[in-house]
Amino acid sequence: MPIYEYKCEKCGRQFEELVMNSSQKVTCPDCDSENVEREFSLFASSATGCAPSGGFG
Ligand SMILES: [Zn+2]
């Protein structure tokens with residue numbers, strides 16, 4: 001399920017929200033402010049590329 005992490009710009013509260021529609025209105029659960037900023041998605045972290053290259057000396 002598409003869970004996004006949000007951060008309220010007003011009170012600084014971080015929360016997760018299930019977003020079904022892209023035009024869904026997200027408000028802060030604490031102060032009901034609409035001034036929230038979307039953080040990184042929890043499902044977007046599957047990148048493997050950095051090979052561990054050991055360097056001695
Ligand atoms: Zn808030």
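All of these numbers come straight from a predicted model, not from anything done at the bench. (Residues numbered from 1 in each chain as written. Predicted model: local features only at pLDDT ≥ 70, side-chain atom pairs only at ≥ 80, totals over all residues. Heavy atoms only, no water.)

Visitor: Is there a simple way to explain the coordination of the zinc ion in this structure?
Guide: Ideal geometry at a metal centre gives angles of 109.5 degrees when four donors are arranged tetrahedrally and 90 or 180 degrees when six donors are arranged octahedrally. Protein coordination at the zinc ion: the donors are Cys-8 (SG), Cys-11 (SG), Cys-28 (SG) and Cys-31 (SG), at 2.3 to 2.4 Å from the metal. Coordination at the zinc ion is tetrahedral, judged from the four donor atoms that bind it and the angles of 106 to 120° they form at the metal. Mapped onto the polypeptide sequence, the residues donating to the zinc ion form the spacing pattern C-x2-C-x16-C-x2-C. In this pair, Cys-11 sits in the loop between β1 (3-8) and β2 (14-18) while Cys-28 sits in the loop between β2 and β3 (36-41), placing the two residues 17 residues apart along the sequence. (Donors = N, O, S within 2.8 Å, 3.2 Å for Na, K, Ca; no water. Tetrahedral: all angles 85-135°; square planar, octahedral: opposite > 155°, others 65-115°. Helix = DSSP H or I, 4+ residues; strand = E, 2+ residues; numbered from the N terminus.)

Visitor: Just checking my understanding: could you explain the pairing of β2 for this structure?
Guide: One face of the sheet, then the other: side chains in a regular strand alternate in exactly this way. One ladder, built from five bridges, connects β1 with β2; its direction is antiparallel. Bridged to Tyr-6 within β2 is Phe-15. A loop of five residues connects β1 with β2, the two strands running antiparallel in sequence, and Gly-12 in this loop sits at a positive phi of about 80°. (Pairing = 2+ DSSP bridges.)

Visitor: Quick question: what am I supposed to make of the side chain of Ser-33 here?
Guide: By the element assignment, Ser-33 lies in the loop between β2 and β3. When its relative accessible area of 12% is taken as the criterion, Ser-33 is described as buried. Within the structure, Ser-33 has its side chain in polar contact with the backbone nitrogen of Asn-35 (distance 3.1 Å). (Buried < 20%, exposed > 50% of the residue type's maximum accessible area, 1.4 Å probe, protein only. Polar contact = N/O pair within 3.5 Å; in protein donor to acceptor, adjacent residues only side chain to side chain.)

Visitor: Looking at this structure, I do not really get the environment of Lys-25. What am I missing?
Guide: With respect to the helices and strands, the residue Lys-25 is situated in the loop between β2 and β3. Residue classification places Lys-25 among the exposed residues on the basis of a relative accessible area of 59%.

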